[in-house]
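For reference, the chains in residue letters:
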Amino acid sequence: MIEVTGLSKRYGTFLAVKNVNFSIEKGEVVGFLGPNGAGKSTIMNILTGYLSLTQGKVTIDGFDIAENPEAAKKRIGYLPELPPLYTDMKVREYLNFIYDLKKVKFPKKPHIDEIMRLVNINHVENRLIRNLSKGYRQRVGFAQALIGNPDVLILDEPTVGLDPQQIIEIRNLITRLGKNHTIILSSHILSEIQAVCDRIIIINYGEIIADDLQDNLSEKLSTEHSLVARVICDERDMLATLKTVKGVKDVVALGKKENGAYDFEIIPEEGADVRAGVSGRIADRKKQLLALTSSRLTLEQVFLKLTQASSNEEARKMLGFVDDEKTTTSEDFIIEMPTEDKEGEE
Amino acid sequence: MIAVFKREFKSYFTNPLGFIILAAFYFFLGLGFLFIFSDGNPNIGETVFFTAQIGILYFIIPVITMRLFSDERRQKTDQALFTAPVKLINIVLGKFFAAFVLYAMGFIPTVIFQIIVSGYVATNVFYYVYALLGIMLFGAALIAVGMFISSLTESPIISIIFTLIVNLFIMFSGAFASMITIPTTTNNIFETFGSWILKLVSSFLNGMNFLAVLESFGQQTFAIKDIVFFLSIVAAFIFLTERSLEKRRWS
């Protein structure tokens, strides 16, 4: 559906996008992930024909965006970072204008009605866009992109600046649209992308540093699962005790952290869940367990590490050797709840 | 093109700007009518020219054109326009005609003047029609120039100031040209060269003298070349606007 080969974009002497290649099949929901200024918006602006490309080739459904822009643009609905709204127009008036501008062939009123129902703005149709809240403006922006029922939707940071309730609504909308559209959306928030995308393309310094299905990426990046326990006890005793718990491979004492409390890093055997065993054993000894934390490197941290790497070379290397990186997260979870990782809860 | 035209034209009247512009037109036309008619001249064509002669059009037209492209860029609404499956030239034409129709609406009162006056005295209708044709072409040329300047900047304020400067230059180009005297005899190569440059500058200034061309319509001596003069300026600046928008994609 979307074919990008050797795409580069130069602003003066600054190379904003460097030799980017990817292809997106019909029906895929792809997330562009990267920090601000990584080149996500630039790539999207090129895909939609708003900016020209310096080098390379972009085709949408077989139509080259440079050679046959009208045919290519017809297949794209674009929601830019800032929705392109004329604030002095009313919602329906604006959508009518976009309908005329895009030269849509469907019957006008039912088409616009349907879209307004889909994004839930039919009760504000006669209000001036200027007077709408940010969430509604974003939805009008969505409606604008959907007019003409394009196969491809390109959404640049669709949830930025919205409140949590609105974010959930927009996410649900994207999930619903994803069933019969090819969608590219960008974000600098990982959980955002995790929630709706099958495939993640991580972009940094204008280059792609990872492009894989979300599950594969998580797998590649996830590390050995170790725990850190904080217990009020005698350090040496507890060290010996913990080592005897079933499934525990090794225990490392991390020293005194609080008043009478010591930290222990517990490394389980592969695939073993030792949380219940550890807390049970501590309770048996009549000691108080203060906290039990997972010290797994989360996808979030991996992303941070990748994008904060001084160079993309380093970042790519990390993808291969990411197992060596281990940090304690603040992902505390209450011991009584034998839940899976926090990530699964989302 | 029609969608862009309709939206743009409507937008003049969703804020007071369109009404203020029309009010200004009507005020100065009324003033012109008063002066000229009380002078005993029954030709409404004179009233039409009056607006150009006192130079007020040079000030009104930048107000009409200042927002055309600069505001789109500032509010990022150009992303909707330029990612729609529409040719750039159609967007430019839609905007141009929206501004032009507003300008043309400014001259509606002269039709009423003409009807009223012709009820009392014999008037030269052709004179009026030629004057109207001339003033429309004159305005179209200035609108095209203003639209081009508006496409260069992101700020309507810069756009209006820059357009005013250009318009003032056009306004006084006749006066500037008359200040240049080209020597008829030259003594050496440098003086010959100097007189060439003076000739060049003077013919450039004369070429910019829109008012002189407009006045040939008033004397009913206008030739096809005068129509072509204005139309070619319109075409050139519409083309330049399209190029300047296209260039922005490449920068």
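How each quantity is defined
Each residue is numbered by its place in its chain's sequence as written, counting from 1. Chain A is the first chain written and ligand 1 is the first ligand written, with later ones labelled in order. Thresholds applied to this predicted model are a pLDDT of at least 70 for local features of residues and 80 or more for the giving and counting of side-chain atom pairs; totals over whole chains, interfaces and linings are not thresholded and use all residues. Side-chain numbers here rest on the full set of heavy atoms in the structure, without hydrogens or water. Residues are treated as being in contact if the distance between any of their heavy atoms lies within 4.5 Å. Here the quantity called buried area is the total loss of accessible area, with a 1.4 Å probe, experienced by two parts when brought into contact, counted for both. Any carboxyl oxygen of Asp or Glu within 4 Å of a side-chain nitrogen of Lys or Arg constitutes a salt bridge here. Counting from the N terminus, the helices are DSSP H or I runs at least four residues long and the strands are E runs at least two residues long. Each residue's exposure class comes from its accessible area (1.4 Å probe, protein chains only) as a fraction of the maximum for that residue type: buried when under 20%, exposed when over 50%, partly exposed otherwise. Pairing between two strands is assigned when DSSP locates at least 2 bridges connecting them.

## With respect to the interface of chain A and chain B
Consideration 1: In this complex, chain A contributes 28 residues to the contact, which on the side of chain B involves 24 residues.
Consideration 2: Across the interface of chain A and chain B, roughly 2,500 Å² is buried in total on both sides, 57% from carbon and sulfur atoms.
Consideration 3: Applying the counting criterion to the chain A and chain B interface returns three salt bridges.
Consideration 4: The closest approach of N and O atoms between Glu-70 of chain A and Lys-87 of chain B, which form a salt bridge, is 3.7 Å.

## Overview of unusual backbone geometry
Residue and element names in this part refer to chain A.
Consideration 1: Backbone geometry at Asp-61 places phi at a positive 55°, although glycine is not the residue there.
Consideration 2: Looking at the element boundaries, Asp-61 is found in the loop between β4 (55-60) and β5 (63-64).
Consideration 3: Look at Glu-157: it is not a glycine, yet its phi comes out positive at around 45°.
Consideration 4: Residue position: Glu-157 is located in the loop between β7 (152-156) and α6 (164-177).
Consideration 5: A relative accessible area of 6% places Glu-157 in the buried class.

## With respect to the environment of Gly-62 of chain A
Consideration 1: By secondary structure assignment, the location of Gly-62 of chain A is in the loop between β4 and β5.
Consideration 2: Residues Gly-62 of chain A and Pro-268 of chain A, 206 residues apart in the sequence, show an inter-C-alpha distance of 52 Å.

## Some words on the pattern of salt bridges
Residues and elements named next belong to chain A.
Consideration 1: Here the structure, examined in full by the defined rule, presents 25 salt bridges over all chains.
Consideration 2: The salt bridge partner of Arg-230 is Asp-263, with a shortest N-O separation of 2.7 Å. Placement of Arg-230 in strand β11 (residues 227-232) and of Asp-263 in strand β13 (residues 261-268) is noted, with a sequence separation of 33 residues between them.
Consideration 3: Accessibility expressed as a relative area gives 24% for Arg-230, which makes it partly exposed.

## Re the sheet that holds β4 of chain A
Strands belonging to one sheet form pairs held by backbone hydrogen bonds; the direction of such a pair is parallel or antiparallel.
All names here are of chain A.
Consideration 1: Spatial strand order, β2-β1-β4-β5: four strands in an open sheet with antiparallel pairing. Among the strands making up the open sheet, the edge pair consists of β2 (14-24) and β5.
Consideration 2: Of the pairings in the sheet, the one linking β4 to β5 comprises two bridges and is antiparallel in character. Looking across to β5, one finds that Thr-59 is bridged to Asp-64.

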